[in-house]
Amino acid sequence: MSLTLFINGRKRVFNQNELDPKLSLLQFLRKSGLTGAKLGCGEGGCGACTVMLSSYDAENKKPVHYSANACLTPVCALDGIAITTVEGIGSMKEGLHPVQQRISAMHGSQCGYCTPGIVMAIYTFLRANPNATPHEIESSLDGNLCRCTGYRPILDAARSLSNNKESHAPPAGCCKGNGGKCPCAETLKVESTTDSFLHNNSEDSILAGKSLQESLNAVSRSEPIFPPELTHYEFKALEIVSNGAKWFQPITLESLLAIKAEYPTAKLIVGNTEVAIEMRLKAFEYNVFVNPSHVKELCVLETTEGGINVGAAVTINGLRSFCGKVEEQMEKVGKPYLTRGLRAIKHMLTWFASNHIRNVACVGGNIATASPISDLNPMLLASNAVLTIHSASKGARQLPIQEFFLAYRKVALEADEILVSVFIPYTSEFEYVLPFKQARRREDDVSIVTAGMRVRLAPKPTDSAGAAGWMVEDATLSFGGMAPTAIQAKATVAELVGHDWSYAAVENVFATMRKELSLPVSVPGGQAEYRMALAVSFLYKCYLTMTAEHGTYVTKLGAEAYPPVPSVDPTDMSATFNFLTEEKTYSRGEQGHFDRQGAYIHAPHTPDNTPAFPPLKESTPAGGVGQSLMHRNAEAQVTGHTKYVDDMPLPANAVHACLVTSTKAHARVLSVDTSEAEKCAGFVRYICAKDVIGSNKMGVIVKDEEAFVTEIAMYHGAVIGAVLADTHEEAVLAARRVVIQYEELAPIVSINDAIAANSFFPTHHSIISGDLAEQKAQAEVVVEGVGRIGGQEHFYLETNATIALPSENGHMEVFSSTQNIAETQHYCASVCGVPDSKIVAKVKRMGGGFGGKESRSAMFAVVAALGAAVLDRPVSIMIERDVDMSLSGQRHAFQYSYKAGMKKDGTLSYLDVDVYSNGGYSHDLSVPVMDRALFHIDNVYRWPALSARGNVCKTNQPTHTAYRGFGGPQGMVVTETVMQHLSEASGLPLDFLKTHNMYKDGDCTHFGQPLEHFFVPDLWAKAQRIASVEERRAQVAEFNKNNRWRKRGLAVTPTKFGINFTAKFMNQGGALVHVYTDGSVLLAHGGTEMGQGLFTKVIQVAAQSFGISEQYIITTESATNTVPNASPSAASLSTDLYGMAVLDACEIIKKRLEPIKARLGDCDWPTLVRTAFFDRVDLSAHGFYKIHTDRCGYDFDKVCASNRERGFPFNYFTMGVAVTEVEIDCLTGDSNVVRADVLMDVGKSINPAIDIGQIEGAFVQGFGWSTMEDLIWGDKEHPWVRPGQLFTRGPGTYKIPSFNDVPADFRVHLSDTDNRFAVHSSKAVGEPPFFMGASAFFAIKDAIIAARSERGFSEYYPLHLPATSERIRMACTDDIAKLCISDAAAQKGVEQFQPLASC
């Protein structure tokens, strides 16, 4: 017996015992050197591992192509399958495939880690659906995540490849000038030193791009062929035994039943989407696996007279597609009513998991695993499905699905039984079935509550009063997420059946449903009140939707022949909106910026830091400053050629490390027993604090951390030790065998815990300006309140990874995914007891960072370094997603209490605020993060008196750390919230309050820094025009008037973000430039590349300086042996520092070349360089730059008369304004961004495409933070989570925005200004736009105010951040919400009910 498969056209045959049944396809590929597919999460939630699988459909005589998650797919399941990876469709040497080329050319790749998976998702869908429309292509991308781009450029690139381009609406943007001046530039009213305004929109991009087939034809290329051998491949029974595990592939039902009888605990696997996660995340151990995919009885899809039969091994997409086909058939024969249930199932399955999961996950697996939050099982319950079950001993039996689910994850299957098929009956003429679902985000998310609702109506006999109507003849109301199993609301149904179909009758059962589906506050999963409210809200939606559908159908039949159908108020019809049954959003975008002819040079070292701006005499070279150069590494990224740390080949003697961590939040470690771990295959050694050669102490500012716990574990996940083993998998298994005994100590988890225990870090900074007492006395409108701001997981797609390579005399190379090579070098040296100079820390690139790898990456690097030093062998450590999220810290959660006042005319008086952050167990960067929050707590408004006091709480959470914005966004949320409160209290329009109190150029901030070139008022006015704010506010008001249950909101949100490290010494950067005799140039500098385009921009700076094409220039890596003592790539400052340092070095070399150039006259660059070399001119230079001493550094401790004397914390400010419109569902909390306009001042952009990409990515990341990314900790408000443990530690539980969450209309424009404080008059762009995404939060708040106002609630409601679906729905207080709020919570006032939150 052998297993045959193909990989990128190459045949591979494996004998019976060659493959490990537990080996995933991803592990197999990467061990084979195909590292394009990445391990992003290991649970099929991110798509970084996407590949194409191809099999032959013998019935239809054609190959079938489908995408799958390689991290979940067992390689043993791929008998007779052709596998295509990103390396197999195009390469740097042989040429890019059109999908690869289009994504790179259209700026769809930033860090590049997610890119191969996205390429393969698009490629596979187009291969399987060559005539797909742009909309269908967009809808298919629900299984891939990107944390960098904001998705818009990827969507444009993907849709432009369509061979079947739909008609598009006329571009809503630029006319391209029609040969004259561009009206778009006129609209922006931006004075520019350039002549041309460039504008792009999605419609033009899609229509202009060649289709996939046209692109292939243009290069005389065809797609890789399906292996001919597989067209007649005969599947055979397989039995694979290896590494203590067995894999069976039966091909008959008889053999399948025999295997199950012999191995009753065997796991039946088709897609492996459940078992793989159980084994990886829950540490379940299974050793017998059966793949029933080739048993024909389990693969049946057929129609019968009464319904359809579906084999248990049929995939979710297979069932979905079949439901659609049957629906079309019944439509043709005039009986569309028969398939209402199938249509509902189809709609539900469209939003089931992701396309990659639906392609492989099977119907039977979804039923048999009995998940309480299954989307399919409530639909089958509602449809009265019947299961066919077989066993070798008892034969076949039929079982109604209502009798199948017994308890949590327990079903009515005997040990030797299997589920063979499911029968789904048709619906009758007046029978209706609807699906409902609410999750944290729409795409690829498990449900919070899901429901299938079926109602059969019948004409009601005329009563004594002569009234006729309709009655409920039968019904099923089934739910997921409301009990340990999928359940039916039988008591509620009992009260409905036999009664009128009317709103009054349905409303009468709300209380019964609330009682029947009652959940305690401590229910696992939490959100008790919300879940109950969703269930009742779904019933209300069901009534309205079915009534409308029934009315339409009866009218079609001839209304006069039937009783009247209940009428529905038109304003209530908004409740019938259901995203499950709607077409997925089709997004578009616009981008505008000014073209830049030539560039400006900022003289690097003028004494007073007041540079001149002489235009370059040379013309701008190709790839020079101001051009939208493609990300320099994009083509390597789209082909999978780019290597990240975990992709690097290891020496043969390398070992792998896996951390052994604390399972307690606060405990004394009593003992560590490694005896069972030592028995595991591949075990090499266990290391811990006792093995530390140098110092065990770590810490960025204060050394209050340990590399390894010595006595007290301070948080859940604290590193106690590490197992070193031959492979990563062996290290993980052995680490699980380490037994630790604890003495538990009381943990402090939340901010409120810390306040109660007076647990703070000792540094308490404050900023006080103005006369607070005087302003309080003058205030005529006063408000006070408390707000909460949640944390945020970085969710970089590449988790932390390090390879340590020891060499002679204690020297070591450390390759680490880090933003901070200097710190990595120092702490690896420290733990190994050697000087820093013996450690060379390097990083080529990161798969995202966002601040999370600024200081926390070192804690993982030191483990590899110590292991390498102890063993004198290379050590690799790759941190898996759940571990990374549990250990590495997040954005700080904040809590604040404020009092604020203003005069009746709207003039602000004072802000008095106490701010608290959850710092975790150690200092790290928490104090500087709080400092930046205090610096930004004014946002863009003048407060005559402001007193802000910062307090960092010490808790038993992992230490929280830097994140894009570094406390600034939290500080600005405080002020924007206060402004909203003042607006509601005074009755004055919010926009008026903002403009009335906005800083003007020359004003001084509360920390004493004058605002120079302050453009926010201008940007505000321009944003109002380009976003048509006044007109759209009127449209929003009209929409809200006509829609009771859906509301829109619009927010205009400004920002100013200070650029600098607040620690003065860090505002410096170095570079090294080598020019070789062939004219090629090598750049080295202290900055690191994580997708932000730093390397590309710095290359452009060098190209501009030398007057050459960027093709001459490369930069390979960041390393401590080329540029020492580098500041981390953070604070959005890297281009400012390293661009200037590179420019400095280039200008030094240019100066040396001047005599040669004068002598040679007009000559090309290689000739100039070669001549200089023979004249013994030094063609290498070190460059250096530092922010002028008067423009960085702020002394909180200085005793002085005014804050201005403390120093200027910022060199300059990047500014912007966002206008965001959202729509919310008041009954479910579902929300979406209708349109977002962002206008950013980024000075003179060095690379507009990269800057726009940063803005779009930051906006979507900020939108995620403020609306859906909800960290849940084991605290007093979440008793169902282990104390101190992070519950949301993977994509299954923690949701970042997906493709479907991108604003439906996303417009980004760059302003055009000078900035005399940065290289080439540019401005920093990485962090400043992040807060723009929070404008969605304030727009949601605006919509909630509209909903509450309509219901008569005028009292201010403090909406905490993020505005999750739960918070939105419960804030839209109505009778259903009131009904579902617990008595304890109701005592505080149902109108002010606040869902529980971790903070």
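Before any of the text, the structure's been laid out above.
With respect to the overall build of the chain
Within the chain one finds 40 helices and 48 strands. If you line up the chain on its principal axes, its C-alpha atoms span 100 × 80 × 75 Å. Of all 1399 residues assigned to the chain, the portion counted as buried reaches 65%. Here the analysis covers contacts within the chain between residues at least 6 apart in sequence; of these, 78% occur between residues at least 24 apart.

Digging into the sheet that holds strand β13 (residues 386-391)
Ordered by their spatial adjacency, five strands build an open sheet running β11-β12-β17-β13-β14, and the pairing between neighbours is antiparallel. Lying at the two open borders of the sheet, with one neighbouring strand each, are β11 (301-303) and β14 (395-400). Looking at each pair of strands side by side, their axes are set apart by 20° on average, direction ignored. Both β11 and strand β12 (residues 307-311) contribute to a ladder of three bridges, which runs antiparallel. Among the inter-strand pairings, Glu302 is bridged to a residue of β12, identified as Asn309. The strands that helix α11 (residues 316-332) touches are β11 and β12; relative to β11, the one it contacts most, it runs at about 20°.

Re the sheet that holds strand β1 (residues 2-7)
Across the sheet, which stays open at both edges, the five strands sit in the order β2-β1-β5-β3-β4 with mixed pairing between neighbours. For this open sheet the edge positions go to β2 (10-15) and β4 (62-69), each flanked by a neighbour on one side alone. Strand-to-strand twist across the sheet, computed as the mean angle between neighbouring axes with direction ignored, equals 30°. Examined bridge by bridge, β1 and strand β5 (residues 81-84) share three bridges and lie parallel to one another. Opposite Ile7, over in β5, you have Ile83 as the bridge partner. The strands touched by helix α3 (residues 115-128) within the sheet are β3 (50-57), β4 and β5, with β3 carrying the most contacts at an inclination of about 25°.

Topic: the packing of aromatic side chains
Think of a pair of aromatic rings as described by two things: how far the centres are apart, and how the planes are tilted against each other in angle. Considering all chains together, one arrives at 39 aromatic pairs under this definition. Taking 5.5 Å as the distance between ring centres and 75° as the angle between the ring planes, the aromatic pair formed by Tyr540 and Trp1045 counts as edge-to-face. In this pair, Tyr540 is assigned in helix α19 (residues 528-558) and Trp1045 in the loop between α32 (1029-1042) and β40 (1046-1059), connecting sequence segments 505 residues apart. With a relative accessible area of 5%, Tyr540 lands in the buried category. Taking 6.0 Å as the distance between ring centres and 85° as the angle between the ring planes, the aromatic pair formed by Tyr999 and Phe1014 counts as edge-to-face. Highlighted residues: Tyr999 in the loop between α30 (990-996) and α31 (1016-1026) and Phe1014 in the loop between α30 and α31, separated in sequence by 15 residues. There is no split in this pair, since Tyr999 and Phe1014 are both buried. Chaining the aromatic ring pairs together yields one cluster made of Trp501, Tyr503, Phe510, Tyr540, Tyr543 and Trp1045. A cation over an aromatic ring shows up here: Arg891 above the ring of Trp1265, its NZ or CZ 5.2 Å from the ring centre. The ring of Phe577 is capped by Arg1046, whose NZ or CZ atom sits 3.8 Å from the centre of that ring.

Observations concerning unusual backbone geometry
Note: most peptide bonds trans; most residues except glycine with negative phi. Each neighbour pair has its own omega, and for Leu1361 with Pro1362 the value is 10°, a cis peptide bond. One non-glycine residue, Phe850, adopts positive backbone phi at about 60°. In this fold, Phe850 is placed in the loop between β35 (839-843) and α26 (858-871). For Phe850, a relative accessible area of 12% translates into the label buried. Backbone geometry at Phe966 places phi at a positive 55°, although glycine is not the residue there.

A word on the pattern of salt bridges
Within the structure shown, the criterion is met by 75 salt bridges. One salt bridge connects Arg397 with Glu417, and the closest N-O pair in it is separated by 2.8 Å. One end of the pair, Arg397, is in strand β14; the other, Glu417, is in the loop between β16 (410-411) and β17 (418-425), with 20 residues separating them in the sequence. Among the salt bridges present, the one from Glu1223 reaches Arg1046, with a minimum N-O distance of 2.6 Å. Here Arg1046 lies in strand β40 and Glu1223 lies in strand β46 (residues 1212-1225), a separation of 177 residues in the sequence. Among the charged side chains, a network of salt bridges with common partners joins Lys541, Arg1032, Arg1046, Arg1048, Glu1221, Glu1223, Asp1225, Arg1235 and Asp1237.

With respect to the pairing of strand β33 (residues 801-806)
The side chains of a regular strand alternate between the sheet's two faces. As paired elements, β33 and strand β36 (residues 875-878) share four bridges and run antiparallel to each other. Considered in β36, the bridge of Thr802 is made with Ile877. Judged from the five bridges that link them, β33 and strand β34 (residues 812-816) form a sheet pairing that is antiparallel. Its bridge partner being in β34, Ile803 is matched across the sheet by Phe815. Between β33 and β34, which pair antiparallel and follow one another directly, the connecting turn spans five residues, one of which, Asn809, has a positive phi of 60°.

As for the environment of Ala368
Take Ala368: it is sitting in helix α14 (residues 363-368). On the accessibility criterion, Ala368 (29% relative accessible area) is partly exposed. For the pair formed by Ala368 and Lys679, sequence separation is 311 residues and the distance between their alpha carbons is 35 Å. Once you skip the residues sitting within four places of it in the chain, Ala368 turns out to touch Phe404 and Val411.

Section: helix α36 (residues 1248-1267)
An ideal rise of 1.5 Å per residue puts 28 Å on 20 residues; α36 measures up with 28 Å between its terminal C-alpha atoms. Of all 20 residues making up α36, 20 are buried, and the element is well covered by its neighbours. For α36, the N-terminal cap is Asn1247; the gap from its side-chain oxygen to the backbone nitrogen of Ala1249 is 3.2 Å.

Examining a nonpolar patch on the surface
The grouping of Val700, Ile701 and Val702 at the surface amounts to a nonpolar patch, some 220 Å² of accessible area in total. Inspection of the secondary structure puts Val700 in the loop between β26 (697-698) and β27 (705-706).

Here we look at the side chain of Lys584
Here Lys584 is to be found in the loop between α19 and β22 (588-594). A distance of 3.4 Å separates a polar atom in the side chain of Lys584 from the backbone oxygen of Ser139. Polar side-chain contacts of Lys584 include one of 3.2 Å to the side chain of Glu443. If we skip the residues at most four places from it in the chain, Lys584 touches His135, Ser139, Asp142, Thr350, Trp351, Glu443 and Asn1300.

Details of the packing of α36 against helix α37 (residues 1335-1350)
The contact between α36 and α37 brings their axes to 7 Å, and the two run at 45°. Here α36 is positioned oblique relative to α37, judged by the angle of their axes. Residue-level contacts link Phe1259, Phe1263, Ser1266 and Thr1267 of α36 to Ser1335, Ala1336, Phe1337 and Ile1340 of α37.

Considering helix α5 (residues 152-159)
Of all the eight residues making up α5, eight are buried; the element is thus mostly covered by neighbouring parts of the structure. Among the residues making up α5, those that are buried are Arg152, Pro153, Ile154, Leu155, Asp156, Ala157, Ala158 and Arg159.

What to know about the pairing of strand β37 (residues 894-902)
In terms of burial, β37 is largely enclosed, as seven of its nine residues are buried. One ladder, built from nine bridges, connects strand β32 (residues 781-789) with β37; its direction is antiparallel. Considered in β37, the bridge of Val782 is made with Gly901. Hairpin remark: β37 followed by strand β38 (residues 908-918), antiparallel, with five residues in the connecting loop; positive phi at Gly906, about 100°.

Some words on the packing of helix α2 (residues 98-105) against α3
The angle between the axes and the distance between the axes are what describe a pair of packed helices. Where α2 contacts α3, the two axes come as close as 9 Å, and the packing angle between them is 130°. Considering the angle they form, α2 stands oblique to α3. For the element pair α2 and α3, the recorded crossing hand is right-handed. Mapping the contact onto sequence places Val99, Gln100 and Ile103 in α2 and Thr115, Ile118, Val119, Ile122, Tyr123 and Leu126 in α3. Classifying every residue of the contact of α2 with α3 by side-chain character gives seven nonpolar, two polar and no charged.

Here we look at the environment of Ser67
Looking at the secondary structure, you find Ser67 in strand β4. In this structure, the C-alpha to C-alpha distance between Ser67 and Asn359, residues 292 residues apart in sequence, is 6.9 Å. Engagement of the side chain of Ser67 in a polar contact is seen with the side chain of His356, the distance being 2.7 Å.

About the criteria used
Residues numbered from 1 in each chain as written. Predicted model: local features only at pLDDT ≥ 70, side-chain atom pairs only at ≥ 80, totals over all residues. Heavy atoms only, no water. Helix = DSSP H or I, 4+ residues; strand = E, 2+ residues; numbered from the N terminus. Buried < 20%, exposed > 50% of the residue type's maximum accessible area, 1.4 Å probe, protein only. Contact = heavy atoms within 4.5 Å. Pairing = 2+ DSSP bridges. Axes fitted to C-alpha atoms, helices over the stretch in contact; angles between N-to-C directions. Phe/Tyr/Trp six-rings, centres within 6.5 Å; stacked < 30°, edge-to-face > 60°. Lys NZ or Arg CZ within 6 Å of the ring centre and 35° of its normal. Salt bridge = Lys/Arg side-chain N within 4 Å of Asp/Glu carboxyl O. Expected span 1.5 Å × (residues − 1). Polar contact = N/O pair within 3.5 Å; in protein donor to acceptor, adjacent residues only side chain to side chain. Patch = residues over 30% accessible without salt bridge, like charges linked within 9 Å, V, L, I, M, F, W, Y side chains within 5 Å. Areas by Shrake-Rupley, 256 points an atom, 1.4 Å probe, with all protein chains shown as cover. Parallel < 35°, antiparallel > 145°, perpendicular 65-115°, else oblique. Left-handed = near helix turned anticlockwise from the far one by under 90°. Nonpolar A, V, L, I, M, F, W, Y, C, P; charged D, E, K, R; others polar.

Remember, this is a structural readout, not a statement about activity or role.
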